[in-house]
Amino acid sequence: MKKFRKVLDGLSSSSPGGVASPSCGSAAGTPTAHAPTPQDIHVQETLVSENFQICKTVRHGFPYQPTCLAFDPVQKILAIGSRTGGIRILGRPGVDCYSQHESGAAVLQLQFLINEGALVTACADDTLHLWNLRQRRPAILHSLKFNRERITFCHLPFQSKWLYVGTERGNTHIVNIESFVLSGYVIMWNKAIELATKAHPGPVVHLSDSPKDEGKLLIGFESGTVVQWDLRAKKVDFRIYYDEAIHSVSWHHEGKQFMCSHSDGSLTMWNLRNTARPIQITYPHGKILKDGRKESCKPILKVEYKTSRNSSEPYVIFSGGLSYDKSGGRRPTLTIMHGKAITVLEMDHPIVEFLVLCDTPYSNEVQDPYAVVVLLEKDFIVVDLTQSNFPIFENPYPMDIHESPVTCTAYFAECPPDIIPILYSIGAKQKKTGYSHKEWPVSGGTWTLGSQTYPEIIVTGHADGTVKFWDASAITLQMLYKLKTSKVFEKPKVGEGRAGELVEEDPYAVQMVSWCPHSRLFCVVGISAHVILYRFSKHDANTQIVSLEVRLQFDSEDVISPSEAENNPCFSDPSSHSPQPPGSPGSGTQDSLPCLKVKNRPVRMPPGYQAELVVQLQWVDGEPPQQITSLDINSAYGLLAFGNCNGLTVVDFLQKTILMCMGTLDLYGAADPYQRLTRSPRKNRQSTSGLTELSDNQVSMDMERSKSPTSVPYLHYDPRSMPEPVASLRASHCSPVFYLLDNVKGPGRKLSLPTDLKTDLDHVNGHCTSPTSQPCSVGKPRITGVPEGPRLTRRGPGRPPFRKAQSAACMEISLPVSSHTEGGYASRRAMLQQLHGVSMYSHDEHHTTSYNWSERESRENSFSRSRSSSVSSIDRDTKESVTTLQFGESYGRKGDALPTACLWVGTSLGVVLLLPISIPTEEEERMEEPITMGPSGTVLMLKGSVLRFAFLDCGGALIQSPYEVWRDPNGPEDPDRPRRRKLVNFSPSSSQEACSDGHLAVVCSEKQAKVILMPTQAVLFTHNITESSFLLRADVVSVCNSVCLACFCANGHIMTLSLPSLRPLMDINYLPLTDLRIARTFVFTNGGQALYLSSPTEIQRLTYSQEMTDNLQDMLGELFTPIETPEAQNKGFLKGFFGGNAQTFDREELFGEAAAGKASRSLAQHIPGPMGLENMKTAAGGVVGDLARARIALDQRGERLGELEERTALMMNSAETFSTHAHQVMLKQKDKKWYQL
């Protein structure tokens, strides 16, 4: 507990923390007597560094780039390996564990120690690892690194401690699982094949012991050679040669025959009685052509040969094998052959591997398969074999996060408790049908609901316009509800105006979302520069969607005549600027139209989120609108605000009108702290065309009369009335926001950024580039006397047409974060232009020039802080973007005595603007009277682009934004009780008593954080968060019954700062490298939690709270459950007499050090687990730990028995001595009388 007090006296208006506008006059005067001063602020902070600790909690989604699969038939848990070295272990819902190899090498194969709670992984770096699964977070116990040979295949017999390892050279080594060292027993390839064979057989592709005799090992080589090796006799029983390469081998359970799959699409059956030729050769999908030749087929990569108790016919299941002629347009297939019935299951993605699940772990028993697990490149399904139509099981895991690429994320903790059941009940009606009615077969492990759980919801936006709500409570993830935003619009058809250009792209991609769980209002921003407002209803509706269209295109070239702006520098007469009708002279034939067409007919909407309002930005001068960069919605005010690099728009969604549409420059009023460069007006444009024009498809023009004066959308600033230009802006304030969905169509053709782009930007490591700071330039100006080409040839990089939605999941670009140079900021634009491969438009040379990275980089590095007015056109084209917005109760001016509704606006130049709003209090007036709002003249400054606003009361408690309590808009009307809006207001004056009026405003930019006392605008605390890098995300969150500022930096650091003192509490380097995917999707939430998209298909959740880290073990599921191993079936006397029983043998006798000797030390290197010997003692009963402890106990018992034996021998000797002496005494004394004794 520490008390903070800071007194700021003589705070001048020129302070960099708070710049008061000289035009505010009386508004910026002395604060009222009730307003708090810095001396009055006494906040006792409770958070300390010990409250914070970074820890990954759980990973959701489909394993990225999967490579292999394994299943424990007794424990019923499943493991998936990936190309990045990750392992996902899955059991019953709630049992989901992710582990990672430190090397990052691809996992080639997985082998469970069945019912032992251990797993062996073989990686691409030729290392074997033994994992202990008897703890909630698996750990490596041993590793074995092969030095001279490459691992190709592994096999571990059931209930054996000896692992067979095949290599690329064709040799087979044997590893002891207990000690994890190599045995001296080696099967060399030259001994396995005939001496007369000159060719090398190739790598080992299969190893398995015979179900009939464990002393026989079947070895399959890639070339087509199959050898059965007698482990006891150390010789070959038989050799099989086939012309086609072998991919897999599968035994019949009786051990008398086996089946092979080959590269020509054939299956061969071999009998051990006659190995000279196969007893059967089949081409399941190949036919014999008219000329007698076989139809060429694709390889069969894997085959499983299983028998069933219920049928005399075996199951033959394989992947691939389609003919090349038929497979051209067909998808990957899995074929199930059962007797004469052949079923071909088409898959949506290539098959990585499949496994047949059987009841018994014994290979010499009837297998009786009941399901097939199919691992695809981007999906995971389980097929029910017990039903004739082979339905799939409903997957309980969230494997479809990437169904459409994820483009944005949002995370909400401590939601209202009733929201999850309601969303679940609505979403249950959206579920698909036709699933198998049986229980999910992967049902291992145990998981219980933790005591510290609260409602959590994750929202994901996708490239196809869908939005998914997920229940994230108790570290699980379950689908709740799915919303399709594309249903609001008409489907674009080829050749239909602007929409015709977008048919092959992603025009509905979700760029950002805003959700109020209390009022259940939901707002979606799309890549087509559209905003959709949804209301939640339990009832279906048939309504017409209101559409508003906005022209938000403010160029510094677009100025009106000086005479029109001299009388009012901020506002112009709206009557002189009527909206220009589409197609009028001076505008393109498609101008004043949005990118998408909203349905103009009544639409039936099912229960759930129903669209109420769509706001779209229009094309202007043949150019598409800029993407929206900021959004906020407030249900209590009934207002929606959004901005981009051109300006700000505020919409009254209750009256369905547009209140304000201003350029960013006009928001300053007369208090612009910058001196802007002037430009000559653009020629060839009619003087009557306004800077911003609106058209309302659903609202008549009569509504314009009811708007407030500040709602006039024609707000201009005359550059000629501005002071003369100075040298230039500061280098650190040169650019607005960059957004992930950024791809540019080149001149005359489409250049869609592929979703699998993995561009390496290591050559820009000399610059600290902020993704929130890309300049947004205008197109090339028209030049008098030069004939214009097609519009597309004039398109500048700052005015991109529609582009394919670049998924946040697919951005693999490293962000350079190590620069300390000022030039780093100027090179952001250069980096992004190089990334997307577009041309730069030079206004200096008045012609299109191709972009040259090396030349541009050298120019940027040579820039000094004080640049001349002749700098590059990129700097002169930069616009000031609106980067963040926040509605709330605050003080618009220094002299305000009471808080009012305000809109806080943050820009890319580090400027904070306040716009007071006057809202009628009565509900009837609110629906009829206009709302007034406008610039207050209050301007605050920070370093870097503004990221976040938050408000605290004078006691340090977080002030929530006002909201309207949810009511069903389509619910039944009660005539006795008219429906009225119920508002919940968190005014600063009602949330504390000690400080009267006033509150604290927390403002965070990508470089700096400030705590400002309102209404005096005194900067109480300032903290420069980073100098060499920049923040990607900042949120004010509640942790441990207090609040703090959580920040994620581009250099991978996660930091927390106390509030209000901004004292650093935690700074941990969490991610060594950062890419744009993480930058786009990283979000913090309350309760000390955060998440990001760790791969294109997976969500990684983490905690930065020490309390949750301590309780994490209780929240995770148990992977291992003590289960008795099922006993082998008794086959009976007759079957055993005729050779049906498998022969057993002592592997220890063959492979142990006494019999086989030691392996060469140079062949493989043993590496102990990360915790060494202590890991063995604390491994929570791991299989190796159990074996080691059992061996120690046996040794101790043997020693005690030896000691007991020695003591017994001594006692026997003593007894014999005593008996001898007693006998001698007896003989000596037996003849004496009693009186002689």
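Because the structure is a prediction, the values reported are computed rather than measured. (Residues numbered from 1 in each chain as written. Predicted model: local features only at pLDDT ≥ 70, side-chain atom pairs only at ≥ 80, totals over all residues. Heavy atoms only, no water.)

Peer 1: Just to check I follow, could you spell out the overall build of the chain for this structure?
Peer 2: Summing up its helical and strand segments, the chain has 15 helices and 68 strands in all. Of all 1237 residues assigned to the chain, the portion counted as buried reaches 58%. Nonlocal contacts in the chain, meaning residues at least 24 apart in sequence, comprise 64% of its contacts between residues at least 6 apart. (Helix = DSSP H or I, 4+ residues; strand = E, 2+ residues; numbered from the N terminus. Buried < 20%, exposed > 50% of the residue type's maximum accessible area, 1.4 Å probe, protein only. Contact = heavy atoms within 4.5 Å.)

Peer 1: Looking at this structure, I do not really get helix α2 (residues 419–427). What am I missing?
Peer 2: Helical geometry: 3.6 residues make up each α-helical turn, so side chains three or four residues apart lie on a common side. Looking at α2, one finds that the buried residues are Ile 419, Ile 420, Ile 422, Leu 423, Ile 426 and Gly 427. Seen along its axis, α2 keeps its buried residues to an arc of 165°; they face one direction. On the buried face of α2, the contacting elements are β33 (456–462), β34 (466–471), β35 (478–484), β36 (510–516), β38 (530–537) and β42 (608–617). (Arc of directions from axis to C-beta.)

Peer 1: Could you clarify how one ought to interpret the sheet that holds strand β10 (residues 118–123) in this entry?
Peer 2: What links the strands of a sheet is backbone hydrogen bonding, and the strands pair in either a parallel or an antiparallel sense. Strand order in the open sheet formed by 5 strands is β9-β10-β11-β12-β68, with antiparallel pairing between adjacent strands. The strands lining the two open edges of the sheet, one partner per strand, are β9 (107–113) and β68 (1164–1168). When the angles between neighbouring strand axes are averaged without regard to direction, this sheet yields 15°. Strand direction decides the pairing type here: strand β11 (residues 127–132) and strand β12 (residues 139–146), joined by 6 bridges, are antiparallel. Residue pairing in the sheet places Thr 127 in a bridge with Lys 145 of β12. (Pairing = 2+ DSSP bridges. Axes fitted to C-alpha atoms, helices over the stretch in contact; angles between N-to-C directions.)

Peer 1: Help me out: how do you make sense of the sheet that holds strand β19 (residues 225–230) in this one?
Peer 2: In space, the 4 strands of this open sheet follow the order β17-β18-β19-β20, with antiparallel pairing throughout. Looking at which strands have only one partner, the edges of the open sheet turn out to be β17 (204–209) and β20 (235–241). Looking at each pair of strands side by side, their axes are set apart by 15° on average, direction ignored.

Peer 1: What's the story with the side chain of Glu 353 in this structure? I'm lost.
Peer 2: Inspection of the secondary structure assignment puts Glu 353 in strand β29 (residues 351–358). One polar contact links the side chain of Glu 353 to the main-chain amide nitrogen of Leu 69, over a distance of 3.1 Å. Here the side chain of Glu 353 touches Lys 302 through a polar contact of 3.4 Å, side chain to side chain. In this structure Glu 353 touches Thr 67, Cys 68, Leu 69, Lys 302, Val 373, Val 374 and Leu 375, once residues within four positions along its chain are discounted. (Polar contact = N/O pair within 3.5 Å; in protein donor to acceptor, adjacent residues only side chain to side chain.)

Peer 1: Explain a negative patch on the surface here, please?
Peer 2: Taken together, the side chains of Glu 922, Glu 925, Glu 928 and Glu 929 make up a negatively charged region of the molecular surface. Among the secondary structure elements, Glu 929 is positioned in the loop between α8 (923–928) and β53 (932–933). For Glu 929, a relative accessible area of 42% gives the class partly exposed. (Patch = residues over 30% accessible without salt bridge, like charges linked within 9 Å, V, L, I, M, F, W, Y side chains within 5 Å. Areas by Shrake-Rupley, 256 points an atom, 1.4 Å probe, with all protein chains shown as cover. Salt bridge = Lys/Arg side-chain N within 4 Å of Asp/Glu carboxyl O. Lys, Arg positive; Asp, Glu negative; His and termini not counted. Charge placed at Lys NZ, Arg CZ, Asp CG, Glu CD.)

Peer 1: Which parts of the structure should I look at to understand the environment of Leu 983?
Peer 2: Assignment of secondary structure puts Leu 983 in strand β57 (residues 983–984). Exposure remark for Leu 983: the relative accessible area of 46% places this residue in the partly exposed category. Between the alpha carbons of Leu 983 and Val 965 there is a distance of 6.0 Å; along the sequence they are 18 residues apart. Setting aside anything within four residues of it in sequence, one finds Leu 983 in contact with Ala 636, Tyr 963 and Glu 964.

Peer 1: Sorry if this is basic, but what is going on with the nonpolar core here?
Peer 2: A general feature of soluble globular proteins is that nonpolar side chains tend to end up buried together. Judged by nonpolar contacts, the single largest core of 35 residues is most densely connected at Ile 457, Val 459, Phe 469, Phe 522 and Tyr 609. With 28 residues, the next largest nonpolar core counts Met 662, Tyr 674, Ala 901 and Val 905 among its residues. (Core = buried A, V, L, I, M, F, W, Y, C linked by side-chain atoms within 4.5 Å.)

Peer 1: What is the right way to look at unusual backbone geometry in this model?
Peer 2: Comment: phi is negative for the bulk of residues other than glycine, and the bulk of peptide bonds are trans. Geometrically, the link from Met 1014 to Pro 1015 is a cis peptide bond, its omega value of 10° lying close to zero. For Pro 1015, the position within the fold is in the loop between β59 (1008–1014) and β60 (1018–1024). Here the amide bond leading from Leu 1059 into Pro 1060 is cis, since omega sits at 10°, within 30 degrees of zero. With respect to the element layout, Pro 1060 can be found in the loop between β63 (1053–1058) and β64 (1064–1069). In this structure, Asn 115 is a non-glycine residue whose phi angle is positive, near 60°. Although it is not a glycine, Asp 621 sits at a positive phi angle of roughly 55°.

Peer 1: I'm lost on the pairing of strand β5 (residues 66–72) in this one. Help?
Peer 2: The two faces of a sheet get side chains in turn, since along a regular strand they alternate between them. Among the 7 residues of β5, 6 are classified as buried, and the element is accordingly described as predominantly covered. Note that β5 and strand β6 (residues 77–82) share 6 bridges and pair antiparallel. Bridge pairing in β6 links Phe 71 to Leu 78. Between the antiparallel neighbours β5 and β6 lie 4 residues, among them Lys 76 with a positive phi of about 60°.

Peer 1: I keep staring at the environment of Arg 926 and nothing clicks. Help me out?
Peer 2: Relative to the assigned elements, Arg 926 resides in helix α8. Its relative accessible area of 2% is what places Arg 926 among the buried residues. Once the C-alpha coordinates of Arg 926 and Tyr 637 are considered, the two residues, 289 residues apart in sequence, prove to be 9.3 Å apart. The residues contacting Arg 926, other than those within four sequence positions of it, are Tyr 637, Gly 638, Leu 639, Asp 652, Leu 654, Gln 655, Ile 919, Pro 920, Ile 931 and Arg 981. A polar contact is formed between the side chain of Arg 926 and the backbone oxygen of Tyr 637, at a distance of 2.8 Å. Within polar-contact distance, the side chain of Arg 926 engages the side chain of Asp 652 at 2.9 Å.

Peer 1: Just to check I follow, could you spell out the confidence of the model for the chain for this structure?
Peer 2: The predicted structure's coordinates, where accompanied by low pLDDT, should not be read in detail. In the predicted model, the chain carries a mean pLDDT of 77, and 70% of its residues have values of at least 70. The least confident element of the chain, judged by mean pLDDT, is strand β48 (residues 840–842) at 32; the most confident is β5 at 97. Residue range residues 1–33 is modelled with pLDDT below 50. Its contacts to residues more than four positions away, or to other chains, number 65 contacts. Scored below 50 in pLDDT, residues 556–589 makes 62 contacts in the model with residues more than four places away or belonging to other chains. (pLDDT = per-residue confidence, 0-100.)

Peer 1: Can you walk me through the pairing of β64 in this structure?
Peer 2: Of the strand pairs in this sheet, β63 and β64 are connected by 5 bridges, and their pairing is antiparallel. Counterpart to Met 1055 in the pairing with β64 is Asp 1067.

Peer 1: Is there a simple way to explain the pattern of salt bridges in this structure?
Peer 2: Where charged atoms from two side chains of opposite charge approach closely, those side chains can pair. Across all of its chains, the model carries 33 salt bridges by this definition. The partner of Asp 230 in a salt bridge is Lys 216, and the shortest N-O contact between them spans 3.0 Å. Of this pair, Asp 230 sits in strand β19 while Lys 216 sits in strand β18 (residues 216–221), and the two are 14 residues apart along the sequence. As far as burial versus exposure is concerned, Asp 230 and Lys 216 are alike and both buried. Across the pair Glu 964 and Arg 967 runs a salt bridge, and its minimum N-O distance is 3.7 Å. For Glu 964, a relative accessible area of 6% puts it in the buried group. Of the residues examined, Arg 967 reaches a relative accessible area of 32% and is grouped as partly exposed. Linked through salt bridges whose partners overlap, the residues forming this network are Arg 59, Arg 88, Asp 96 and Glu 1098.

Peer 1: Would you take a moment to explain helix α10 (residues 1106–1115) for this structure?
Peer 2: Within α10, the full set of buried residues consists of Met 1108, Thr 1109, Leu 1112 and Met 1115. Around the axis of α10, the buried residues are gathered within 105° of arc, so they sit on the same side. Exposed residues pointing more than 90 degrees away from the buried face of α10 are listed as Asp 1110 and Asp 1114. Where the residues of α10 are buried, they touch β4 (52–61), β66 (1089–1095) and β67 (1098–1105).

Peer 1: How do you make sense of the environment of Pro 441 when you look at a structure like this?
Peer 2: Within the secondary structure, Pro 441 is located in the loop between α2 and β33. Under the relative-accessibility criterion, Pro 441 is labelled buried at 8%. Apart from residues lying up to four places away in sequence, Pro 441 is in contact with Lys 76, Leu 357, Tyr 370, Val 382 and Phe 393.

Peer 1: Please clarify how the packing of aromatic side chains should be interpreted in this entry.
Peer 2: Working definition: an aromatic ring pair is given by the centre-to-centre distance plus the angle between the planes. Applying the stated criterion across every chain yields a total of 28 aromatic pairs. Between the aromatic rings of Phe 469 and Tyr 481, the centroid separation amounts to 5.9 Å while the plane-to-plane angle is 50°, which identifies the pairing as tilted. In this pair, Phe 469 is assigned in strand β34 and Tyr 481 in strand β35, connecting sequence segments 12 residues apart. The pair Phe 469 / Tyr 481 is uniform in exposure class, with both members buried. An aromatic cluster of three or more residues is present, and its members are Phe 412, Phe 469, Tyr 481, Trp 515, Phe 522, Tyr 534, Phe 536, Tyr 609 and Trp 966. (Phe/Tyr/Trp six-rings, centres within 6.5 Å; stacked < 30°, edge-to-face > 60°.)

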